[in-house]
Every structure is written in C-alpha cells, then in structure tokens.
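Residue-level structural notes
Listed here are the chains, written in short residue letters.
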Amino acid sequence: MKHLLKLADLSVEEIFSILNLADQLKYERKNGVRHPHLAGKKLGMIFTKSSTRTRVSFEVGMYELGGHALFLSDRDIQLGRGEPIKDTARVLSRYLDGIMIRTFKQQDVEDLANYGSIPVINGLTDYCHPCQVLADLMTIREYKGSLKGLKLCFVGDGNNMANSLIVGGIKMGMQVSVACPDAYRPDAGVTAWAQQNGQLLVTSDVLTAAKDADVLYTDVWASMGQEGEKEIREKAFKGFCINKDVIAAADKEAMVLHCLPVHRGEEIEEEIFEAHAQEIFDEAENRLHAQKAVLCKLLK
C-alpha cells in the first residue's frame with residue numbers, strides 16, 4: 001500500500017488491516033494511551049473543496065499521532081494560479097512526508113501520486129470517497145460484529161459515495177443495492193466491476209433496494225459544485241428518501257448511516273435521522289480513527 005487513491009486499489013487484507021488498526025487506535029485514545037507513531041512527520045492537506053470532517057479529522061489525527069498538518073487551500077498555493085499538478089507534486093515531495101487532497105477531479109489525485117515521491121491520500125473527489133467508506137465499514141463492524149453477508153442499501157445519487165460504498169461493501173463480502181433515478185446511476189465502470197465480483201442491484205425502486213437491508217445509507221441530493229442543479233435534482237430525487245416505509249422494508253435491526261452534512265426532510269426524515277443519530281455521529285467520529293490508521297500505514 002503506497003497510496004490511498006481509491007478503494008479498488010486495496011486488497012481485502014489491506015482494508016481489514018486498516019480497520020483493525022483503527023479499532024486499536026480508537027481504543028487507545030479512549031483509554032488515554034498516547035500513540036505518537038508519526039512524531040516529526042509532516043502532512044500537506046490540499047483543499048479545493050471546503051470541508052468540516054475531512055479537515056478537522058486529518059489535522060487532529062496528525063496532532064494525536066505526533067506529527068504536523070499544513071492546511072493548503074487553492075488560494076494559498078500556486079496550484080490555484082495555474083501551476084501544473086506534476087510540478088506541485090514534485091515540489092511538495094521535497095518538503096513533506098505525505099499529501100492529502102480533497103478536490104474535484106480524480107485525475108488530479110492520480111497525477112499527484114504519479115509525479116510525486118511521497119504517499120497521497122484521496123480526501124474526496126467527484127469519483128470516490130475512500131476515507132469516508134473506511135469509516136463507514138468500521139462503524140458497521142462495530143454495530144454488527146462483522147461485515148460479510150450483510151446487505152448494504154444506498155438511497156440517493158449514484159455519486160462518489162455510491163461508487164465507494166459499492167466497492168468497499170463488495171470487497172468486504174457484503175451484498176449492495178443502490179436506489180437512484182435512472183439518470184443518476186453510479187459509475188458504469190464501478191457497476192461492471194461489482195457485477196463480476198459480487199452482488200449488486202441498481203434500481204429506481206427504493207423499497208426493492210431496501211428490502212431486508214442491514215444497513216441503510218443516504219447522502220445529500222446535491223453535492224458541492226452541484227448547487228446550480230438544486231431545483232432539477234429536487235424534482236429528480238423526490239421519493240428517494242429514507243422514510244418510515246423504507247425503514248419498514250429493511251431488516252428490523254437495520255442501522256442508518258449518513259456521511260453528513262444532512263438536509264433533513266430531503267434525503268432522510270428528521271425523526272429517522274434523530275432516532276439513528278448515535279450511529280451517524282459514531283460514523284463521523286470514526287473518520288478520525290480510520291484516517292489515523294491510514295496515516296500510520298502510509299507514513300510510519
């Protein structure tokens with residue numbers, strides 16, 4: 001494991017290793033055990049998309065591991081003024097021990113890794129969100145005890161979250177279903193891979209997708225950069241909401257997850273969100289622990 005660019009690049013064993021280390025680091029943190037595994041290490045954090053959880057969890061994570069994180073917005077570095085990714089990668093490799101980037105294009109992340117000489121972590125692109133899904137898998141395993149054999153249902157846009165949940169779920173032996181409008185299906189390459197490697201259902205029927213699901217998952221209808229499509233998307237996604245009917249179709253012990261931020265009353269009813277808030281905010285906390293595990297694997 002040299003980078004974390006997308007979950008498809010990781011083996012099942014590598015994902016389990018990250019999850020196991022994340023559990024250990026979480027246990028140590030809660031019990032006051034310091035773990036400065038990255039003392040003296042420096043992480044550059046490039047943001048061309050704003051963030052709450054990604055920035056705070058990586059910055060706190062590096063601090064707790066004994067290292068240092070530098071926040072680099074596209075307004076602060078020459079990347080935002082037209083410097084090629086390949087030049088930025090080669091310069092930052094002379095200063096830093098690793099780079100985390102949260103941006104739009106997946107190719108930018110791949111180029112950073114190709115031209116740089118230090119580990120690169122994908123903090124989110126329009127194509128995938130591997131850090132979030134590692135935290136999701138960690139949370140599901142905490143609540144359910146294991147991952148293999150569970151059914152994971154995603155309701156909403158076939159976006160970066162859907163793409164990564166499909167890959168992560170199937171790699172961990174889960175059955176995955178996605179309920180989305182036909183015009184907003186997950187990436188064709190991802191669905192083709194999934195159909196060859198596991199069980200995937202993509203449908204526009206929410207209740208069919210949710211039937212007997214152990215985990216229900218949703219995300220906002222319009223992500224960052226899609227604000228201009230808000231009205232169009234509100235019409236397209238009407239009915240793609242985790243509501244009482246969806247809860248009733250799922251397994252009676254089903255958990256509900258959301259990567260946040262949430263738009264109550266759109267992709268999930270407020271009553272249901274609050275009923276499952278413990279799970280959802282455990283999931284948010286686990287971003288910290290899963291990412292600390294990734295940092296240790298790549299930078300130590």
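As a reminder, the structure under discussion sits directly above these lines.
Read on for an overview of the structure.

Reading the values: the criteria
Along each chain, residues carry numbers from 1 onward, in the same order as the chain's sequence is written. The model is predicted, so local features are restricted to residues of pLDDT at least 70 and side-chain atom pairs to those at 80 or more, both for listing and for counting; the totals for chains, interfaces and linings are taken over all residues. The side-chain values count all of the structure's non-hydrogen atoms but skip hydrogen atoms and water molecules. One speaks of a salt bridge when a side-chain nitrogen belonging to Lys or Arg is within 4 Å of a carboxyl oxygen belonging to Asp or Glu. Secondary structure elements are defined from DSSP: runs of H or I of at least 4 residues count as helices, runs of E of at least 2 residues count as strands, and each element is numbered from the N terminus. Each residue is placed in one exposure class: buried if its accessible area under a 1.4 Å probe, protein chains only, is under 20% of its type's maximum, exposed if it is over 50%, and partly exposed if it falls in between. If DSSP finds at least two bridges between two strands, the strands pair. Aromatic contacts are taken between Phe, Tyr and Trp rings whose centres are within 6.5 Å, Trp giving its six-membered ring; a plane angle under 30 degrees counts as stacked, one over 60 as edge-to-face, and the others as tilted. Counting as a charge over the ring demands two things of the Lys NZ or Arg CZ atom: a distance within 6 Å of the ring centre and an angle within 35 degrees of the ring normal.

**Here's the deal with the pattern of salt bridges**
- Here the structure, examined in full by the defined rule, presents 18 salt bridges.
- Residue D23 is joined to R141 by a salt bridge in which the shortest nitrogen-to-oxygen separation is 2.8 Å. Of the two residues, D23 is situated in helix α1 (residues 12–30) and R141 in helix α5 (residues 130–144); the sequence distance between them amounts to 118 residues.
- In this structure, K30 and E285 form a salt bridge, with 3.2 Å as the shortest nitrogen-oxygen distance. Pair noted here: K30 is in helix α1 and E285 is in helix α12 (residues 277–299), with a separation of 255 residues, a long-range link.
- The exposure class of K30 is exposed, given its relative accessible area of 54%.
- Residue class for E285 comes out partly exposed when judged on its relative accessible area of 24%.

**Here's the deal with the pairing of strand β9 (residues 255–258)**
- Across the two faces of β9 the burial is the same, with M255 and L257 and V256 and H258 all buried.
- Across four bridges, the pairing between strand β8 (residues 215–218) and β9 is parallel. Bridge pairing in β9 places T218 opposite H258.

**Some details on the packing of aromatic side chains**
- Scanning the entire structure with this criterion turns up six aromatic pairs.
- Note on F47 and F71: the rings are 5.2 Å apart at their centroids and 35° apart in plane angle, and the pair reads as tilted. Taken together, the residues F47 in strand β1 (residues 42–47) and F71 in strand β2 (residues 68–73) connect sequence positions 24 residues apart.
- An angle of 40° between the planes, with centres 5.9 Å apart, marks the rings of F154 and Y217 as tilted. Placement of F154 in strand β5 (residues 151–155) and of Y217 in strand β8 is noted, with a sequence separation of 63 residues between them. For the pair F154 and Y217, one class covers both residues: buried.
- Taken together through their ring pairs, the aromatic side chains of Y184, W221, F237 and F240 make up a single cluster.
- The side chain of R55 reaches across the aromatic face of F71, ending 3.8 Å from its centre.

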